[in-house]
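Here is what each chain is made of, one letter per residue.
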Amino acid sequence: QVQLVESGGGLVQAGGSLRLSCAASGRTFSSYAMGWFRQAPGKEREFVARIGWSGGSTYYADSVKGRFTISRDNAKNTVYLQMNSLKTEDTAVYYCATDLTPVFSIRPRYWGQGTQVTVSS
């Protein structure tokens, strides 16, 4: 089992930046891949970014590529999402998630509670 707790969301103007954090507890953090997802009002949850267990492999949704950066600090059991050049369409609840496997799963079993990101025009 694992517990995931996101933080760092808030209100920011378009063009601004935020850094989300996701702290994990329980299983050995450095052994599994992590991902970020988001859900905007009235829309389905969508994949944003993922990172391999060692941090050496990352992948992004086209909508955030070049603006968002996912990273992890295995010594702190934390994964981050640096979000730059934010757009109003980035407004959503952001979730970190994992399937507790070294290979990322697009349908992870374990989710955090989410953190709200609101981008104003």
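For the structure, see preceding data.
Keep in mind it's a predicted model, so treat the numbers as computed, not measured.

J.: How do you make sense of the side chain of Arg67 when you look at a structure like this?
T.: Its location among the elements puts Arg67 in the loop between strand 6 (58-60) and strand 7 (68-73). According to the relative accessible area criterion, Arg67 is buried, its value standing at 10%. Separated by 2.9 Å, the side chain of Arg67 and the backbone oxygen of Ser63 make a polar contact. Setting aside anything within four residues of it in sequence, one finds Arg67 in contact with Gln82, Met83, Asn84, Ser85, Leu86, Lys87 and Asp90.

J.: Teacher, can you tell me more about the pattern of salt bridges here?
T.: Pairs can form between side chains of opposite charge once their charged atoms are near each other. Evaluation of the coordinates by the stated rule reveals five salt bridges. Taking the shortest distance from any N to any O, the salt bridge between Arg38 and Asp90 comes out at 2.9 Å. Note that Arg38 is positioned in strand 4 (residues 34-39) and Asp90 in the loop between strand 8 (78-83) and strand 9 (92-98), a separation of 52 residues in sequence. The burial state of Arg38 is the same as that of Asp90; both residues are buried. A salt bridge links Asp62 to Lys65; the shortest N-O distance between them is 3.0 Å. Look at Asp62 and you get exposed, because its relative accessible area is 64%. Each of Arg38, Glu46, Arg67 and Asp90 takes part in salt bridges that share partners, so that together they form one network.

Rules used in this analysis
- Residues numbered from 1 in each chain as written.
- Predicted model: local features only at pLDDT ≥ 70, side-chain atom pairs only at ≥ 80, totals over all residues.
- Heavy atoms only, no water.
- Helix = DSSP H or I, 4+ residues; strand = E, 2+ residues; numbered from the N terminus.
- Buried < 20%, exposed > 50% of the residue type's maximum accessible area, 1.4 Å probe, protein only.
- Polar contact = N/O pair within 3.5 Å; in protein donor to acceptor, adjacent residues only side chain to side chain.
- Contact = heavy atoms within 4.5 Å.
- Salt bridge = Lys/Arg side-chain N within 4 Å of Asp/Glu carboxyl O.

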